[in-house]
Amino acid sequence: MNDIVIIALAGFTTGITTVLFGFGGGFVVVPFVYQLLLRQPDVAGNALHIAVATSTAVMIFNAGWVSYRNWRAGKLSSQILFPLLGFIAIGAVAGSWLAGTIGEALIRGLFIVYMVVAIADCLLRKGFIGGSAPRRLAPVTVTGGGVLIGMIAALLGLGGSVMTVPLLRRHGHTMRDCISAANPLSLPVALCGATTYAISGWHHMPASGYLGFINLKILAVLVLTGWAGSVFSRSNIPAVPDIWHARVYVLLLCVVLLAMLI
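Residues numbered from 1 in each chain as written. Predicted model: local features only at pLDDT ≥ 70, side-chain atom pairs only at ≥ 80, totals over all residues. Heavy atoms only, no water.

Caption draft 1: Up close: the overall build of the protein chain. Broken down by element type, the protein chain carries eleven helices and two strands. In terms of overall dimensions, the protein chain is globule-like: its C-alpha atoms have a radius of gyration of 17 Å, near the 18 Å expected for 262 residues. In terms of its C-alpha atoms, the protein chain occupies a principal-axis envelope of roughly 55 × 40 × 35 Å. Per-residue burial for the protein chain yields a buried fraction of 50% across its 262 residues. Across the protein chain, the fraction of contacts at a sequence separation of at least 24, relative to all contacts at a separation of at least 6, is 82%. Surface summary for the protein chain: the accessible area is close to 11,700 Å², and the carbon and sulfur share equals 71%. If you average the places of the 15 positive and of the 6 negative side-chain charges in the protein chain, the two averages end up 12 Å apart. (Helix = DSSP H or I, 4+ residues; strand = E, 2+ residues; numbered from the N terminus. Rg over C-alpha atoms; globule rule 2.2 N^0.38 Å. Buried < 20%, exposed > 50% of the residue type's maximum accessible area, 1.4 Å probe, protein only. Contact = heavy atoms within 4.5 Å. Areas by Shrake-Rupley, 256 points an atom, 1.4 Å probe, with all protein chains shown as cover. Lys, Arg positive; Asp, Glu negative; His and termini not counted. Charge placed at Lys NZ, Arg CZ, Asp CG, Glu CD.)

Set out below in structure tokens:
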């Protein structure tokens, strides 16, 4: 029962972070689910694969719902989304395939390194906290950067928002626009990643209630509580000033890194 409560709280938090920061699940879900599964001997050897796989499946629902709401509200810009969306999808296919060939320890190490680099990049390079002058994404950034974002995000089950938000922020977009774009840009990663993990984990799990590496019980709890969190966020959390939005974004990354290290 305690595990379900913890997962429900993680799901509710994920719904809030999806709306406020574009995190469709990975940064909150992966550390919590990973720690819980480590205490279950029958699946402990695949704990991180299950956590990442379930996270990508959660992102389909969370990021999809918020993207739909933003589209209905006219908050999505086609100039920001295209053609970056297509190149992220290409990278997501490659990253999803690569994830099946990498061991648990290496994935955990990559997750931690990725978080450290992301935090340092936001803090040390100019343009994230205070913003910068608007400018278009260069073609090489759209192509090479899009493929790289999709590959890393699918490999680690993160959705890519920690790269797309800083990238768009440094090109002069407000945090609100960056986060509105981060959710639809996470969808190809979520779809490719969940499909690949479902196939690659087929018949690998000794316990019932799994679709490949995706834990269906945890997925259901996270989706329901995530939806509740997104509704709560839209109704009860006021708009945050742009500079504080950026600062809290970095702080949340630090909290997630600490949770994974502990």
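Caption draft 2: Local environment of helix H11 (residues 242-261). Spanning 20 residues, H11 covers 29 Å between terminal C-alpha atoms, matching the ideal 28 Å at 1.5 Å per step. All of the buried residues along H11 are His-245, Ala-246, Tyr-249, Val-250, Leu-252, Leu-253, Val-256, Leu-257 and Met-260. Taken around the axis of H11, the buried residues stretch over an arc of 155 degrees, which confines them to a single face. (Expected span 1.5 Å × (residues − 1). Arc of directions from axis to C-beta.)

Caption draft 3: The arrangement of a nonpolar patch on the surface in detail. On the surface, Trp-65, Tyr-68, Trp-71, Trp-227 and Val-231 cluster together into a nonpolar patch covering about 530 Å² of accessible area. Those elements that place two or more of their residues in the nonpolar patch are helix H3 (47-72) and helix H10 (216-236). Structurally, the position occupied by Trp-227 is in helix H10. Relative accessible area serves as the criterion here: at 48%, Trp-227 is assigned to the partly exposed category. (Patch = residues over 30% accessible without salt bridge, like charges linked within 9 Å, V, L, I, M, F, W, Y side chains within 5 Å. Salt bridge = Lys/Arg side-chain N within 4 Å of Asp/Glu carboxyl O.)

Caption draft 4: Seen up close, the environment of Thr-56. Note on placement: Thr-56 falls in helix H3. Each C-alpha atom, one on Thr-56 and one on Phe-23, is 11 Å from the other, the two residues being 33 residues apart in sequence.

Caption draft 5: Spotlight on the pattern of salt bridges. According to the stated counting rule, one finds three salt bridges in the structure shown. Its salt-bridge partner being Arg-170, residue Asp-121 comes within 2.9 Å of it at the nearest N-O pair. Here Arg-170 lies in helix H8 (residues 161-170) and Asp-121 lies in helix H6 (residues 104-124), a separation of 49 residues in the sequence. Given the relative accessible area of 21%, Asp-121 is considered partly exposed. On the accessibility criterion, Arg-170 (8% relative accessible area) is buried. Residue Arg-169 pairs with Asp-242 through a salt bridge whose shortest N-O separation is 2.5 Å. Here Arg-169, found in helix H8, pairs with Asp-242, found in helix H11; they are 73 residues apart in sequence, far enough to count as distant.

Caption draft 6: Expanded view of helix H5 (residues 84-99). Compared with the 22 Å implied by 1.5 Å per residue over 16 residues, the 22 Å span of H5 between its first and last C-alpha is a close match. Turning to H5, its buried residues are Leu-84, Ile-88, Gly-91, Ala-92, Gly-95, Ser-96 and Ala-99. The buried residues of H5 occupy an angular sector of 140 degrees when the element is viewed end-on, so they sit on one face. Facing away from the buried side of H5 by over 90 degrees, the exposed positions are Ile-90, Val-93 and Trp-97.

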